[in-house]
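Here is how the chains run, residue by residue.
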Amino acid sequence: MKWAAISTWKMSFDGCKKTLELLAEGRKCDESLIEGVCMVEDEPSYTSVGYGGLPDKDGRVTLDGGFMDGDTLRFGAVGCIEGFRSPIRIAHSLMNYEFNNLLVGAGAEKYAEEKGFEKRDNLTEKSYQKYLSEKDKIETLTSYDGHDTVCFLGKDVSGTICAAVSTSGLYMKAHGRIGDSPIPGAGYYADSEIGSAASTGVGEDVIKTNATFRLVNKMAQGLSVQKAADETLNEIMKRLADCRSISLIALDKDGNYGVATNCDFPFVYGSDECEVSLYMARFVNGKTVIKKVDDISEVTLD
Ligand code: GLY
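In this numbering scheme, every chain counts its residues from 1 along its sequence in written order. Per-residue local features are limited, in this predicted model, to residues with pLDDT of at least 70; the limit for side-chain atom pairs, both in listing and counting, is 80 or more; totals at the level of whole chains, interfaces and linings are taken over all residues. The side-chain figures draw on all heavy atoms in the structure; neither hydrogens nor water molecules are used.

Trainee: How do you make sense of the packing of helix α7 (residues 211-220) against helix α8 (residues 225-239) when you look at a structure like this?
Mentor: Packed helices, taken two at a time, are described by their axes: the angle between them and the distance between them. Geometry is summarised by axes, namely lines fitted to C-alpha atoms with helices restricted to the contacting stretch, and by angles between N-to-C directions that run from 0 to 180 degrees. Numbering goes from the N terminus for both helices and strands, where a helix is a DSSP run of H or I of at least four residues and a strand is a run of E of at least two. Two numbers describe how α7 lies on α8: the axes approach to 8 Å, and their chain directions differ by 135 degrees. By the angle between their directions, the pair α7 and α8 is classed as oblique. Read as a crossing pair, α7 and α8 show a hand that is right-handed. Taken together, the residues of α8 that come into contact with α7 (itself represented by Ala211, Arg214, Leu215, Lys218 and Met219) are Val225, Ala228, Ala229, Glu231, Thr232, Glu235 and Ile236. Small angles under 35 degrees read as roughly parallel and large ones over 145 as roughly antiparallel, with 65 to 115 read as roughly perpendicular and the rest as oblique. If you view the pair so one helix is near and one far, a crossing is left-handed when the near helix is turned anticlockwise from the far one by less than a right angle, and right-handed when it is turned clockwise. Should any heavy atoms of two residues lie within 4.5 Å, those residues are considered in contact.

Written out as structure tokens, the structure reads:
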């Protein structure tokens, strides 16, 4: 394939379509992915990313994001950043430095302010009302409530592969908590000579198992992208007795995709050979089963 992109959850459909249009125009992988991720960050109805993201226990919306360029293995990332429009744009810019590629909290905000990144209060009235109505019953929330990272993987016409992820993280997380999304090898990984992977799910479990590096490494050892995804998830579930929700997307250096999940997981894929479409991945009898969705309005999961 000349170009291809895959992204997590139904909420990424329009963004992935945009990314594919840009890739088709011959635009670079990084800028094409960032346009797509930003569309998700800017949409207030998605409560797990950017504007409208659900707050932490203290009622603050703090965001995580990561970007990796597969040609150079350079990465940039931010964790627990508050008050800025686009964590993915800030993360991407951090890739250009030799050191200080992952910044968190006040340090990340100082950097973003100095570099002139656009500010925004990401707490919407809807998210605040949900927080107010649930803040006294945290123990009844499951770890996965309101918790869907947007991940984009792409390949451009020159063969460059990149990964981009953005999230508001676990709903009602402790203030200061960061998940897998800013951590290369956990939330995302890209190597243009092999392929890329990204994860959505409970970050602590993804970090424990270095899920995306593990997956890309399996491709390096010769496994197909789907087999690498399946084996990675199986190993994680075997090793973590109490493994919670994890979904993995992957793209090989030729633009083929693989997906493995232990929950119901919609994702989007398209390429120069295959029109952008929504797919549903389900965990059935210990295996990921993937079906193309003909009517996207039928899928209610974001
Ligand atoms: N996977 C996102 C998080 O755990 O924050």
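Continuing now.
Trainee: What is the right way to look at unusual backbone geometry in this model?
Mentor: Glycine aside, negative phi is the norm for most residues, and most peptide bonds take the trans geometry. The residue asparagine 100 is not glycine, and still its phi comes out positive at about 60 degrees. The residue asparagine 100 is located in the loop between α3 (87-94) and β4 (102-104) in this model. Within the chain, asparagine 210 stands out as a residue other than glycine whose phi angle is a positive 45 degrees. Mapped onto the elements of the fold, asparagine 210 is located in the loop between α6 (203-209) and α7.

Trainee: What exactly am I supposed to notice about the nonpolar core here?
Mentor: Looking at soluble globular proteins, one finds that nonpolar side chains tend to be buried together. For the purposes of this section, nonpolar cores are sets of buried Ala, Val, Leu, Ile, Met, Phe, Trp, Tyr and Cys residues that join through side-chain atoms within 4.5 Å. Think of it in three bands: with a 1.4 Å probe and only protein chains considered, a residue is buried below 20% of the maximum accessible area for its type, exposed above 50%, and partly exposed in between. Residues Ile6, Leu215, Ile249 and Phe267 are the most contacted members of the largest nonpolar core, which totals 68 residues. In terms of residue count, the dominant contributor to this core is helix α2 (residues 29-41) (six residues). Setting aside residues no more than four positions away along its own chain, isoleucine 249 makes contact with Ile6, Ser7, Thr8, Cys151, Leu153, Ser196, Ala197, Ala198, Gly258, Val259 and Phe265.

Trainee: I tried to follow the side chain of aspartate 56 on my own but got confused; where do I start?
Mentor: On the secondary structure map, aspartate 56 appears in the loop between α2 and β2 (63-69). Buried and unpaired, aspartate 56 has arginine 60 as its nearest opposite-charge partner, separated by 5.3 Å. Polar contact is defined as a pair of N or O atoms within 3.5 Å, subject to the rule that within protein one atom must be able to donate a hydrogen and the other to accept it, and that residues adjacent in sequence are counted only when both atoms are side-chain atoms. In this structure the side chain of aspartate 56 is engaged in a polar contact, spanning 2.7 Å, whose partner is the side chain of histidine 175. The positive count covers Lys and Arg only, the negative count covers Asp and Glu only, and His and the chain ends enter neither. Whenever a carboxyl oxygen of Asp or Glu lies within 4 Å of a side-chain nitrogen of Lys or Arg, that contact is scored as a salt bridge.

Trainee: Is there a simple way to explain the sheet that holds β4 in this structure?
Mentor: Strands belonging to one sheet form pairs held by backbone hydrogen bonds; the direction of such a pair is parallel or antiparallel. In short, DSSP must find at least two bridges between two strands for them to pair. Read from one edge to the other, the open sheet built from nine strands follows the order β4-β3-β2-β6-β5-β1-β11-β12-β13, with strand pairing classed as mixed. Only two strands of the sheet have a single neighbouring strand rather than two, namely β4 and β13 (287-292). Taking each pair of neighbouring strands and ignoring which way they run, the sheet shows an average axis angle of 15 degrees. In the sheet, strand β11 (residues 265-271) pairs with strand β12 (residues 274-284) via six bridges, with the strands oriented antiparallel.

Trainee: I tried to follow the packing of aromatic side chains on my own but got confused; where do I start?
Mentor: Two numbers describe a pair of aromatic rings. These are the distance of the centres and the angle of the planes. Paired rings are identified among Phe, Tyr and Trp, the last through its six-membered ring, by centres lying within 6.5 Å, and are further divided according to the angle between planes into stacked (under 30 degrees), edge-to-face (over 60) and tilted (the rest). If you walk through the whole model with that rule in mind, you get ten aromatic pairs. Relative to phenylalanine 265, the ring of tryptophan 9 lies with its centre 5.1 Å away and its plane at 85 degrees, an arrangement referred to as edge-to-face. Pair noted here: tryptophan 9 is in the loop between β1 (4-8) and α1 (13-24) and phenylalanine 265 is in strand β11, with a separation of 256 residues, a long-range link. Taking relative accessible area as the criterion, tryptophan 9 reaches 1% and is therefore assigned buried. For phenylalanine 265, a relative accessible area of 0% corresponds to the buried category. Three or more aromatic residues joined by ring pairs form one cluster here, namely Trp9, Tyr257, Phe265, Phe267, Tyr269 and Tyr279.

Trainee: Can you help me understand α2 in this one?
Mentor: Every α-helix carries 3.6 residues per turn, so stepping three or four residues along brings you back to the same face. To estimate how far a helix should reach, multiply one less than its number of residues by 1.5 Å. For α2, with 13 residues, the first-to-last C-alpha span of 18 Å sits near the 18 Å given by 1.5 Å per residue. For α2, the secondary structure elements touched by its buried residues are α1, β2, α3, β5 (150-155) and β6 (161-167).

Trainee: For this particular structure, what's the right way to read helix α4 (residues 105-114)?
Mentor: Buried residues of α4: Gly105, Ala108, Tyr111 and Ala112, and no others. For α4, the arc enclosing every buried residue in end-on projection is 130 degrees, short of the 170-degree limit, so these residues lie on one face. Opposite its buried face, α4 presents the exposed residues Ala106, Lys110 and Glu114, each directed more than 90 degrees away. In the stretch just after α4, glycine 116 is the one whose phi turns positive, near 80 degrees. What the arc covers is the set of directions going from the helix axis to the C-beta atoms.

Trainee: Sorry if this is basic, but what is going on with the environment of phenylalanine 99 here?
Mentor: Tracing the chain through its elements places phenylalanine 99 in the loop between α3 and β4. Overall, the relative accessible area of 57% leaves phenylalanine 99 in the exposed class. Residues phenylalanine 99 and aspartate 302, spaced 203 residues apart in sequence, show a C-alpha to C-alpha distance of 36 Å.

Trainee: Looking at this model, I keep getting lost on the packing of α2 against α3. Mind explaining?
Mentor: Relative to each other, α2 and α3 sit at 150 degrees, their axes nearing to 9 Å. Looking at the two axes, α2 sits roughly antiparallel to α3. Across the interface between the two elements, Asp30, Ile34, Glu35, Val37, Cys38 and Glu41 of α2 pack against Pro87, Ile88, Arg89 and His92 of α3. Any residue that is not Ala, Val, Leu, Ile, Met, Phe, Trp, Tyr, Cys, Pro, Asp, Glu, Lys or Arg is counted as polar, Gly included; the first ten are nonpolar and the last four charged. Partitioned by chemical class, the residues of the contact of α2 with α3 number five nonpolar, one polar and four charged.

Trainee: Would you take a moment to explain the pairing of β12 for this structure?
Mentor: The side chains of a regular strand alternate, residue by residue, between the two faces of the sheet. Count of turn residues in the β11/β12 antiparallel hairpin: two residues. Looking at chain direction, β12 and β13 are connected through six bridges and run antiparallel. Directly across from valine 284, in β13, lies its bridge partner lysine 287. Between β12 and β13, which pair antiparallel in sequence order, lie two residues; one of them, asparagine 285, sits at a positive phi of approximately 50 degrees.

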